[in-house]
Amino acid sequence: MGILDFLRAKPKNTASIARERLRIIVAQERSTRGGPDYLPLLRSELLEVIRKYVNIDPEAVQVNLESDTGHDVLELSVALPDDEKKS
Amino acid sequence: MTEIIVVTSGKGGVGKTTTSASLATGLAQAGKKVAVIDFDVGLRNLDLIMGCERRVVYDFVNVIQGEATLKQALIKDKRNDKLFVLAASQTRDKDALTQEGVEKVLDELKKEGFDYVVCDSPAGIEKGAHLAMYFADHAMVVVNPEVSSVRDSDRILGLLASKTRHAEGGQATVKQHLLLTRYNPVRVEAGEMLSVKDVEDILGLPVVGVIPESENVLAASNAGEPVILDAQSMAGQAYADAVARVLGEERPLRFLEVPKKGLFKRMFGG
Ligand SMILES: Nc1ncnc2c1ncn2[C@@H]1O[C@H](COP(=O)(O)OP(=O)(O)OP(=O)(O)O)[C@@H](O)[C@H]1O
Ligand SMILES: [Mg+2]
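Since we're looking at a predicted model, the values are computed, not measured.

Undergrad: Any details on unusual backbone geometry? Residues and values, ideally.
TA: Negative phi values dominate among residues other than glycine, just as trans dominates among peptide bonds. Residue and element names in this part refer to chain B. A positive phi angle, close to 60°, is found at Arg182, a residue other than glycine. Judged by its relative accessible area of 41%, Arg182 falls in the partly exposed class. Although it is not a glycine, Phe255 adopts a positive phi angle of roughly 65°. Relative to the elements of secondary structure, Phe255 occurs in the loop between helix 12 (234-246) and helix 13 (263-268).

Quick look at the structure:
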């Protein structure tokens, strides 16, 4: 392997990092879209509260507003980690 | 029937004006009567890209405010007599554009028998961008293979689905076309840039075209000739393909691969 190859070797695959970050943020923003403006804030405050007790991923909290003939239902789901660690 | 196409993106500087100029020119080349309107009030630019900046006398806001007729304000393209430009006003008054005013101008263009009206949106999601998309039948969402642009275009797709006349009426939807521009196959291959498939997967939409990053775009804007007129350039050909697809033709995507043999290899027989 020449010196040039060495210098150019292994650029980090940043595209795949970008793809993963976008996948998560786009899904998250879509889930609160069209709902009231407070949904994203509600979501992040919930995340903070839950994190006082369980160490969860930021994506583990899903907030959805479902409109069901006349009723609006706020749907919350929190995925707990497998090895549930209390902090 | 007049079809209104908004060229929009959310993020600034991704290629909306470049795209509007080439889209409008391409549609006119296909024999359609086309008007292209600059909605970027305060930051007129489309006139430069179209090469008609010295012929602007009246603008969009003059027409809305009744200071000029539409006929007086429409600038006929010097290369194609089916193509007309309506320049943005340089006023700093943010309220110069109104929904009623925009509707009035669009209705008049319909009466004049235009086949297409291309609306070059300003960046952002504020009033100008909102009005540019509000009456649209089609949207061309311009996106670069880059995180903030992709995220912003998803935001725009959401607005197109909720904050437009069609969405509010609940009758029809705005037909969405995703245009990926400034694409660099070499960087994609090196894992440094999102690929066509990445962007399609994240946004859940197929692309209507992929425009390569190309130095011909700057040359075209220097000369005031929409890059689609540079039929030798890859960017020009990619725009021509995209316009044909908008008109319903099926064409395979081109210029997505790294050129097999570089100049170096050809010279030295790689
Ligand atoms: N395919 C391309 N290859 C290389 N450069 C490009 C390409 N497309 C656009 N550009 C360049 O990017 C810059 C921004 O383009 P353009 O003005 O069309 O963007 P815009 O989205 O209209 O910007 P704004 O949000 O300010 O209205 C220009 O300098 C243009 O020449
Ligand atoms: Mg522009």
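And the narrative resumes.
Undergrad: Now, about the pairing of strand 2 (residues 34-38) of chain B: what can you tell me, with residues and values included?
TA: Regular strands have side chains that alternate between both faces of the sheet. Residues and elements named next belong to chain B. Among the 5 residues that make up strand 2, 5 are buried, leaving the element largely enclosed by the rest of the structure. Burial along strand 2 is two-sided: the residues Val34, Val36 and Asp38 and Ala35 and Ile37 are all buried. Sheet topology places strand 2 next to strand 4 (residues 83-86); 4 bridges connect them, and they run parallel. Across the sheet, Ala35 pairs through a bridge with Phe84, a residue of strand 4. Across 5 bridges, the pairing between strand 2 and strand 5 (residues 116-120) is parallel. Across the sheet, residue Ala35 finds its bridge partner in strand 5, namely Val117.

Undergrad: Can you explain the interface of chain B and chain A? Please cite residues and give values.
TA: Tallying the contact residues gives 15 residues for chain B and 14 residues for chain A. Taken together, both faces of the contact between chain B and chain A bury some 1,200 Å²; the carbon and sulfur share is 56%. Of all residues in chain B, the largest losses of buried area upon contact with chain A belong to Arg151, Asp154 and Ile202 of chain B, amounting jointly to 41% of the total for that side. The tally of links from chain B across to chain A stands at 4 salt bridges. Here Arg19 of chain A and Asp198 of chain B are joined by a salt bridge, their closest N and O atoms 2.8 Å apart. At the junction of chain B and chain A, the tally comes to 7 residue pairs in polar contact (both at pLDDT 80 or more). Looking at the side of chain B that touches chain A, the elements with two or more residues in it are helix 7 (147-160) and helix 10 (196-203) of chain B. Residue contributions to the side of chain B that touches chain A peak at 6 residues, all from helix 7 of chain B. Split into classes, the residues belonging to the side of chain B that touches chain A amount to 7 nonpolar, 3 polar and 5 charged.

Undergrad: Let's hear about the packing of helix 2 (residues 14-32) of chain A against helix 7 of chain B: which residues, and what values?
TA: Between helix 2 of chain A and helix 7 of chain B, the least distance of the axes is 10 Å, while the angle of their chain directions is 25°. Between helix 2 of chain A and helix 7 of chain B, the angle is such that the two are roughly parallel. As helix 2 of chain A packs across helix 7 of chain B, the resulting crossing turns out to be right-handed. Residues Ala18, Arg21, Leu22, Ile25, Val26, Glu29 and Arg30 of chain A of helix 2 of chain A touch helix 7 of chain B, and the partners they reach there are Val147, Val150, Arg151 and Asp154 of chain B.

Undergrad: Quick rundown of the sheet that holds strand 2 of chain B? Include the residues and the values.
TA: All names here are of chain B. Spatially, 3-4-2-5-1-6-7-8 is the arrangement adopted by the 8 strands of the open sheet, whose pairing is mixed. Sheet topology places strand 3 (75-76) and strand 8 (207-212) at the edges, where each strand pairs with a single neighbour. As defined by bridge partners, strand 7 (residues 175-183) adjoins strand 8 across 5 bridges and the pair is classed as parallel. Within strand 8, the residue paired with Leu180 across the bridge is Val210. Contacts from helix 7 reach strand 1 (3-8), strand 6 (138-143) and strand 7 within the one sheet, and its direction differs from that of strand 6 by about 165°.

Undergrad: Residue-level account of the environment of Glu66 of chain A, with values.
TA: All names here are of chain A. Within the secondary structure, Glu66 sits in strand 1 (residues 61-68). Residue Glu66 is classed as partly exposed on the basis of its relative accessible area of 37%. Sequence separation between Glu66 and Leu80 is 14 residues; the distance between their C-alpha atoms is 23 Å. With near-sequence residues (within four places) excluded, Glu66 lies in contact with His71, Asp72, Val73 and Glu75.

Undergrad: Please give an account of the site of ligand 1 that cites residues and values.
TA: Residues and elements named next belong to chain B. Around ligand 1, 15 residues are found, and the nearest of them are Gly13, Lys16, Thr17, Thr18 and Ser214. Between ligand 1 and Lys16 there is a distance of 2.8 Å, counted from an oxygen atom to a side-chain nitrogen or oxygen. In this structure, an oxygen atom belonging to ligand 1 sits 2.8 Å away from a main-chain N or O atom of Thr17. Calculation on ligand 1 without its partners gives an accessible area of 630 Å², and the protein chains cover 77% of this total. Broken down by secondary-structure element, the contributors of at least two residues to the shell around ligand 1 are helix 1 (16-29) and strand 8. Element by element, the count of residues in the shell around ligand 1 is highest for helix 1, at 3 residues.

Undergrad: Please set out the state of the cysteines residue by residue, giving values where relevant.
TA: Residue and element names in this part refer to chain B. If you walk through the whole model with that rule in mind, you get 0 disulfides over all chains. The thiol of Cys52 is unpaired, and the distance to the nearest cysteine sulfur, on Cys119, comes to 16 Å. Classification of Cys119 by relative accessible area gives buried; the value is 1%.

What counts and how
Residues numbered from 1 in each chain as written. Chains lettered and ligands numbered in written order. Predicted model: local features only at pLDDT ≥ 70, side-chain atom pairs only at ≥ 80, totals over all residues. Heavy atoms only, no water. Buried < 20%, exposed > 50% of the residue type's maximum accessible area, 1.4 Å probe, protein only. Helix = DSSP H or I, 4+ residues; strand = E, 2+ residues; numbered from the N terminus. Pairing = 2+ DSSP bridges. Contact = heavy atoms within 4.5 Å. Buried area = accessible area lost by both parts, 1.4 Å probe. Salt bridge = Lys/Arg side-chain N within 4 Å of Asp/Glu carboxyl O. Polar contact = N/O pair within 3.5 Å; in protein donor to acceptor, adjacent residues only side chain to side chain. Nonpolar A, V, L, I, M, F, W, Y, C, P; charged D, E, K, R; others polar. Axes fitted to C-alpha atoms, helices over the stretch in contact; angles between N-to-C directions. Parallel < 35°, antiparallel > 145°, perpendicular 65-115°, else oblique. Left-handed = near helix turned anticlockwise from the far one by under 90°. Near = heavy atom within 4 Å. Areas by Shrake-Rupley, 256 points an atom, 1.4 Å probe, with all protein chains shown as cover. Disulfide = S-S within 2.5 Å.

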